[in-house]
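# Chain and residue survey
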Amino acid sequence: MILRNPGCENLLSGYLFPEVAKRRKEYQVAHPEAKIISLGIGNTTEPLPQHIAKAMSDYALALGTAEGYSGYGDEQGNSELRNRIAEVLYKGLVAGDEIFISDGAKCDIARIQTLFGRGTQIAVQDPAYPVYVDGSVIVGAAGPSRENAYEGVTYLPCTAENNFFPDLNNIKPNTLIYFCSPNNPTGVASTREQLQLLVDYANKNGCIIVYDSAYYAFIRNPAIPKTIFEIEGARKCAIEVNSFSKLAGFTGVRLGWSVVPSDLCFEDGSSVRKDWNRIMTTLFNGASNIAQCGGLAALDPQGIEETKRLVDYYLENAKLMQNALTGENFAKCNVKVFYTGDSPYLWVHFPNYKSWDIFDRILDECRIVTTPGSGFGKAGEGYLRFSAFGHRSDVEEACKRLSQFAL
Ligand SMILES: *Cc1c(COP(=O)(O)O)cnc(C)c1O
């Protein structure tokens, strides 16, 4: 018989979202009449902008004609889209041939693990998006030994005490650093100065940063960088993964990209971009041509207008929730809302509560589903994540219930 992959064998179970769903279901069964509102999801809810939907629809219909048909495209993506991303989003900081179009950022994060292989030391923000660690464990990157699959993971606590920016000195040399900004789940967007410290540390210590900027479109503070490549020295130490999911509501359409600069090298001086090109052309056969056509429409002048409006809608939801959660009923119990207006997530601290206990109270008494911070890492204990992805009427109703909640 074939041995089981020790990476899968050692994986700690993904407990968070199944447990949230289970508790929600139990509550609904016990209270069949209750209208539960979810502020727990990291999924988009509002329709695609018309201009983008129409571009994809026209393209799909044309595939049924001799003139409009196309089969496989370049595995790295449509060159027009690569160039448009370089120009519109990166303002020329990276070149089109350093951009690789994909079926989404999560898929890229998983494939990136194959660039580095077994036994790679990794570091992650704590709390963090689960795929960084779990993906590394599956391929055996994070832990060289069968006995301790997590031995190679350094968790970097990001808490109110350190303004949600980790102590970089805890990162060992030659480590692959996953860094997400604006962060899921904390919503915190790192400043230019902080990102410069990160890049300088990586360059000095032989580290490579995998920078996840899936929420860059939510940044409204002009002083906050939207890409790691705005930081001097980043071309020598960083890969960026990014996505149309949160930018344009493409969570179901599936379209993302990675940026691997030609200056980035392995220890032996060989090009990371060259290996990434080889991996993408071998393991991936290109993103859907319909989705790529939608991506082009999202980045033309009308698409840029429409996607900005879409993101603004969620940011407005977040503001409403921030108002409700900073009300007198919460303030008098020292509940702290961490929100700077640059992400769809509010990170809320409840003193004297474990995350799951306050999750249960808000479900029971407000019929609102949230996400327990402890599910994203140890440093998330005592916090809840509130998501601004939702219909306005649901968010307004949730805010009403929250303002009547007696903590
Ligand atoms: C939603 C999200 C992504 C996007 O993933 P896709 O696969 O492109 O849909 C990436 N990173 C984080 C942290 C996310 O929350």
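Residues numbered from 1 in each chain as written. Predicted model: local features only at pLDDT ≥ 70, side-chain atom pairs only at ≥ 80, totals over all residues. Heavy atoms only, no water.

## Description of the overall build of the protein
Each helix and strand counted, the protein has 14 helices and 13 strands in total. On C-alpha atoms alone, the protein measures out to a radius of gyration of 22 Å, which is about the 22 Å that the 2.2 N^0.38 rule sets for 407 residues. Structurally, the protein occupies a C-alpha span of about 60 × 55 × 55 Å along its principal axes. Buried positions account for 53% of the 407 residues belonging to the protein. Sequence separation of 24 or more characterises 73% of the internal contacts of the protein that already satisfy a separation of 6 or more. (Helix = DSSP H or I, 4+ residues; strand = E, 2+ residues; numbered from the N terminus. Rg over C-alpha atoms; globule rule 2.2 N^0.38 Å. Buried < 20%, exposed > 50% of the residue type's maximum accessible area, 1.4 Å probe, protein only. Contact = heavy atoms within 4.5 Å.)

## Notes on empty space enclosed by the protein
In total, this model carries one cavity of 30 Å³ or more according to the counting rule given. The calculated volume of the largest cavity comes to roughly 50 Å³. Looking at the largest cavity, the residues that line it are Gln125, Pro127, Cys158, Phe164, Phe179, Cys180, Asn183, Thr186, Val188 and Ser190. Here the residues of the lining of the largest cavity are counted per class, giving six nonpolar, four polar and no charged. (1 Å grid on protein atoms, 1.4 Å probe; cavity = no way out; pocket = protein on both sides within 12 Å on 5 of 7 lines; lining within 4 Å. Points joined across faces, edges and corners; volume = space filled by probe spheres on them. Nonpolar A, V, L, I, M, F, W, Y, C, P; charged D, E, K, R; others polar.)

## Some remarks on the packing of helix 5 (residues 105-116) against helix 6 (residues 131-138)
Contact geometry of helix 5 with helix 6 gives a least axis separation of 9 Å together with a crossing angle of 40°. Taken together, the axes of helix 5 and helix 6 lie oblique to each other. Judged by the sense of rotation from one axis to the other, the crossing of helix 5 with helix 6 is right-handed. Residue-level inspection shows Lys106, Ile109 and Gln113 of helix 5 in contact with helix 6, the latter providing Val131, Tyr132, Gly135 and Ser136. When the residues that make up the contact of helix 5 with helix 6 are grouped by side-chain class, the tally is three nonpolar, three polar and one charged. (Axes fitted to C-alpha atoms, helices over the stretch in contact; angles between N-to-C directions. Parallel < 35°, antiparallel > 145°, perpendicular 65-115°, else oblique. Left-handed = near helix turned anticlockwise from the far one by under 90°.)

## Focus on the sheet that holds strand 7 (residues 238-243)
Sheet strands associate in pairs through backbone hydrogen bonding, adopting either a parallel or an antiparallel arrangement. Read from one edge to the other, the open sheet built from seven strands follows the order 2-8-7-6-5-3-4, with strand pairing classed as mixed. Looking at the sheet topology across the chains shown, the edges are occupied by strand 2 (99-102) and strand 4 (153-157). Strand-to-strand twist across the sheet, computed as the mean angle between neighbouring axes with direction ignored, equals 20°. Note that strand 6 (residues 208-212) and strand 7 share four bridges and pair parallel. Looking at strand 7, one finds that Ile209 is bridged to Ala238. Taken strand by strand, helix 6 contacts strand 3 (122-126), strand 4, strand 5 (176-180) and strand 6, and its axis lies near 155° from that of strand 3. (Pairing = 2+ DSSP bridges.)

## Examining the sheet that holds strand 10 (residues 345-349)
Strand order in this open sheet of four strands is 9-10-13-12, and the pairing throughout is antiparallel. Taken across any chain shown, the strands that pair with only one partner, and hence form the sheet edges, are strand 9 (336-338) and strand 12 (371-372). Pairing of strand 10 with strand 13 (residues 383-387), which is carried by five bridges, proceeds in the antiparallel orientation. Along strand 13, the bridge assignment pairs His349 with Tyr383.

## Some words on the nonpolar core
Core analysis: the biggest nonpolar cluster contains 121 residues, and Ile85, Ile209, Phe244, Trp257, Ile362 and Phe386 have the highest contact counts within it. Considering each element in turn, this core owes the most residues, eight residues, to helix 11 (residues 301-325). Ile85 has contacts with Tyr90, Ile99, Ile101, Phe244, Trp257 and Leu299, leaving out every residue within four places of it along the chain. Membership of the second largest hydrophobic core comes to five residues, among which are Cys158, Phe164, Val188 and Tyr383. (Core = buried A, V, L, I, M, F, W, Y, C linked by side-chain atoms within 4.5 Å.)

Function cannot be inferred from these measures alone, as they are strictly geometric.
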